[in-house]
Amino acid sequence: MRLAAESVSLGYGAEPVVDEVSLEIPDGLTTVIVGANGCGKSTLLRGMARLLKPISGQVVLDGKAVHKQPTRAVAKTLGLMPQSPVAPEGITVVDLVGRGRQPHRNALQRWSAEDDAAVAEALELTDTLDLADRVVDELSGGQRQRVWVAMALAQQTDLLLLDEPTTFLDVAHQVDLLDLLHGLRETRGTTVVMVLHDLNLAARYADHLIAMSGGKVAATGTPAEVVTADRVEQVFGLECQVIHDPVSGTPLVVPIGRHHRPSAHPHAQGA
Amino acid sequence: MSTTLSGPTRPVDVVRRARRAPRRHHAYLVVGLSVALFGAFVARVLLGNFIITVPDFFRILGGAEIPGATFLLMSEKLPRAILGVLVGVAFGSAGAVFQSTLRNPLASPDIVGVSLGASASAVFAIVVLDLQGLALSIAAIVGAIAIAVAVRLVAGSDGSYRLVLVGVTAAAAMTAVVHYLFTRANEFDALLVLRWLTGALNGVTWPTIWTLLGFLVVLVPALAWTARSAQILQLGPDVATGLGVSRRRTDLLLLLAVLLTALGVAAAGPVAFVAFVAGPISRALNGGRTTLVGAALVGAIVMVAGDYIADYAVPGVSFPVGVVTGAFGAPFLLWLLAAGRAGRKA
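Quick notes on the rules
Residues numbered from 1 in each chain as written. Chains lettered and ligands numbered in written order. Predicted model: local features only at pLDDT ≥ 70, side-chain atom pairs only at ≥ 80, totals over all residues. Heavy atoms only, no water. Helix = DSSP H or I, 4+ residues; strand = E, 2+ residues; numbered from the N terminus. Rg over C-alpha atoms; globule rule 2.2 N^0.38 Å. Buried < 20%, exposed > 50% of the residue type's maximum accessible area, 1.4 Å probe, protein only. Contact = heavy atoms within 4.5 Å. Areas by Shrake-Rupley, 256 points an atom, 1.4 Å probe, with all protein chains shown as cover. Lys, Arg positive; Asp, Glu negative; His and termini not counted. Charge placed at Lys NZ, Arg CZ, Asp CG, Glu CD. Pairing = 2+ DSSP bridges. Axes fitted to C-alpha atoms, helices over the stretch in contact; angles between N-to-C directions. Parallel < 35°, antiparallel > 145°, perpendicular 65-115°, else oblique. Left-handed = near helix turned anticlockwise from the far one by under 90°. Nonpolar A, V, L, I, M, F, W, Y, C, P; charged D, E, K, R; others polar. Buried area = accessible area lost by both parts, 1.4 Å probe. Salt bridge = Lys/Arg side-chain N within 4 Å of Asp/Glu carboxyl O. Polar contact = N/O pair within 3.5 Å; in protein donor to acceptor, adjacent residues only side chain to side chain. Domains from an automatic or database assignment. Phe/Tyr/Trp six-rings, centres within 6.5 Å; stacked < 30°, edge-to-face > 60°. Lys NZ or Arg CZ within 6 Å of the ring centre and 35° of its normal.

Visitor: Help me understand the overall build of chain B in this model?
Guide: Along chain B, the regular secondary structure elements total 14 helices and 0 strands. Mapped in sequence order, the helices and strands of chain B form the string α-α-α-α-α-α-α-α-α-α-α-α-α-α. Over its C-alpha trace chain B gives a radius of gyration of 21 Å, about what one expects of a compact globule, namely 20 Å for 346 residues. Across the 346 residues of chain B, 53% fall into the buried class. If you take every contact in chain B between residues at least 6 apart in sequence, the share linking residues at least 24 apart comes to 74%. Here chain B displays about 15,000 Å² of accessible surface, and carbon together with sulfur accounts for 70% of that area. When the 25 basic and 13 acidic side-chain charges of chain B are each reduced to a single mean position, those positions are 18 Å apart.

Visitor: I keep staring at the pairing of strand β10 (residues 216-221) of chain A and nothing clicks. Help me out?
Guide: If a strand is regular, its side chains alternate between the two faces of the sheet. Pairing analysis gives 5 bridges linking strand β9 (residues 208-213) of chain A to β10(A), with the strands arranged antiparallel. Pairing of Ile210(A) across the sheet is with Thr220(A), part of β10(A).

Visitor: What is the right way to look at the packing of helix α3 (residues 69-101) of chain B against helix α11 (residues 247-268) of chain B in this model?
Guide: Residue and element names in this part refer to chain B. For the pair α3 and α11, the least separation of the axes is 9 Å and the interaxial angle reads 150°. Considering the angle they form, α3 stands roughly antiparallel to α11. Where α3 crosses over α11, the two elements pack in a sense that is left-handed. Contact residues: Leu83, Val87, Ala90, Phe91, Ser93, Ala94, Val97, Phe98 and Thr101 in α3; Thr250, Leu253, Leu254, Ala257, Val258, Leu260, Thr261, Gly264, Val265, Ala267 and Ala268 in α11. Here the residues of the contact of α3 with α11 are counted per class, giving 15 nonpolar, 5 polar and no charged.

Visitor: What's the story with the environment of Leu51(A) in this structure? I'm lost.
Guide: Note on placement: Leu51(A) falls in the loop between α1 (41-48) and β4 (56-61). Leu51(A) gets classed as buried once you look at its relative accessible area, which sits at 12%. Residues Leu51(A) and His67(A), spaced 16 residues apart in sequence, show a C-alpha to C-alpha distance of 9.2 Å. With near-sequence residues (within four places) excluded, Leu51(A) lies in contact with Arg46(A), Leu80(A), Asp238(B) and Thr241(B).

Visitor: So what exactly am I meant to see when it comes to the interface of chain A and chain B here?
Guide: By a widely used convention, the size of an interface equals the accessible area lost when the partners come together. Contact with chain A, which involves 44 residues of that partner, is made by 32 residues of chain B. Together chain A and chain B conceal approximately 3,200 Å² of surface at their shared face, both sides included; 59% is due to carbon and sulfur atoms. The tally of links from chain A across to chain B stands at 3 salt bridges. The partner of Arg16(B) in a salt bridge is Asp116(A), with the nearest N and O atoms 2.9 Å apart. Joining chain A to chain B, the criterion identifies 8 residue pairs in polar contact (both at pLDDT 80 or more). Secondary-structure elements contributing two or more residues to the side of chain A that touches chain B are α2 (71-75), β6 (78-81), α3 (93-98), α4 (113-125) and α5 (141-154) of chain A. Broken down by element, the side of chain A that touches chain B gets its largest block of residues, 7 residues, from α4(A). For the side of chain A that touches chain B, a count of residues per class yields 25 nonpolar, 8 polar and 11 charged.

Visitor: Would you take a moment to explain the domain arrangement of chain A for this structure?
Guide: Residues and elements named next belong to chain A. If you check the domain split of chain A, you get domain 1 (1-77 + 158-271) and domain 2 (88-156). Between the C-alpha centres of domain 1 and domain 2 there is a distance of 27 Å. Where domain 1 abuts domain 2, roughly 1,400 Å² becomes buried across the two surfaces, and 58% of that area is made up of carbon and sulfur atoms. When residues of domain 1 are sorted by the area they lose upon contact with domain 2, Arg72, Leu180 and Arg188 head the list and together hold 39% of the total. One salt bridge connects glutamate 121 with arginine 188, and the closest N-O pair in it is separated by 3.4 Å. For the interface between domain 1 and domain 2, the tally reads 5 residue pairs in polar contact (both at pLDDT 80 or more).

Visitor: Honestly, the packing of aromatic side chains in this entry has me stumped. Any pointers?
Guide: Scanning the model with the defined rule gives 4 aromatic pairs over all chains in all. Ring geometry for Phe273(B) and Phe276(B): centres 5.6 Å apart, planes at 50°, overall tilted. For Phe276(B), a relative accessible area of 0% translates into the label buried. Ring geometry for Tyr308(B) and Tyr312(B): centres 5.2 Å apart, planes at 65°, overall edge-to-face. Linking Tyr308(B) with Tyr312(B), this pair stays in helix α13 (residues 292-312), spanning 4 residues, or about one helical turn. Relative accessible area serves as the criterion here: at 24%, Tyr308(B) is assigned to the partly exposed category. The ring of Trp111(A) carries the charged tip of Arg19(B) above its face, separated from the ring centre by 3.7 Å.

Visitor: Please clarify how the environment of Gly279(B) should be interpreted in this entry.
Guide: Residue and element names in this part refer to chain B. Mapped onto the elements, glycine 279 comes out in helix α12 (residues 274-285). The exposure class assigned to glycine 279 is buried, which follows from its relative accessible area of 6%. Once you skip the residues sitting within four places of it in the chain, glycine 279 turns out to touch Gln99 and Ala295.

The following block contains the structure:
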């Protein structure tokens, strides 16, 4: 395991949002963190990406506390795509993606053929090569999100953390982007860790699922192990049935909702 | 996808071609701005109420004494033009660093109180401590850093919007301090007031120029060295950390910009709006992209051309340059606010 959390507590004020969480991220697989709003899933990802300093405990990358390593050295191993990043005005796609090369260049080094090749590969992988000379501001939401992923790919890291990469995308673009990330695991063996809102997409694309609730880890394992009707009710407060996804065979959550509850149903919790 | 020799469709070639266009645009811009600056410089030095011919200019530089012309050139026109360039470069680049790393066009050092902090400290040094020369520059630096740190602490580390609000308040407070110090000054010199509240290039001495030049020779390369981090910081603190550029880099860049501002103020006073307009103007000329070199050049052009206009626009009256930059800068600020661009990403 290259990336792990050791009883890490994270937060923005006095109260920890993530409370003494320990977990390991399996190498070369896709790990998805799910949970209700405010459960601490994004905070945990930010802590693993060293954007937040732990209140206690530590995040370990390659055997050493990530906060004690030089941030530039970490950037060669660990890529990050934060939630809804904003591109500087007027920047072109190649220029933005090229900035992903930053950790591999020192202040005096000129742009190299290797950098060109890395950017070209990132654009090809994300299917954005034909947008290369366009201005990022003028792209659609789906295209822009792909370009940001391309920037993280140009960084050529073994681990890639993404905080809700599918936010603001319609369902077709969500599937596109997740397919793209899934492909990375196949072609490059990249370890992907992401926070996702949609439990069904999470169940479909995750090899390893982490369910969080109230700042703690409620369950970890394969989607089939984690996504059960009881657990979904416990973690999300959602009454549901879990069936087999007819396409992928992964668990599929079907919410019941107030209007479809059998009148004789014993539970009467409002949700 | 073709990989034949003739095929420009190789992905690497697409990347190379796409990278070239903005770079070429920027190169043309730098050349164009340099020519414009040269033009403004020549006009400032040779033209005006008393025209100095080019042969005379070189004769005077060579040591010839031409009655009237030598004195006017060497103690008035030339030092003002040179100081204008230096101060403009300092203000322009400092403004662009502030605006781009804080990602807010309103967050320039002359708006958020850094310039006036330097000014208040310099006036305190003159009126109370009786300092001058290098000691005065150091006093301005101390004042600028103190205000910058105070604004940063009060505003908190995130949210450039709060920083602008706190900074505008600090600027107003510093103006009050300067006014108060003037009431205590022995000789209430109107020119002094204009210099330390508005900014002026009048009465420049060569030692002031050498002091500023000495600092710029160190600071400008330091800024160039950190320029690439500045580009990364434009992507926001989270992405920048992900790319290995820490928040401490932001503070280093802002410190360099604060020093540049303070030194400019120590030499010419808080010339209104130069730092503020240089970034957006150079960006508009550069296809919307931030350019530090462009901002430095625009700052220099605004200073030199502004000083020329201030000196000769109204016959018989010589304004300080800050009156002109203020008069042009204020509508520009209003336009920026009205166009809804301020407060948005920079």
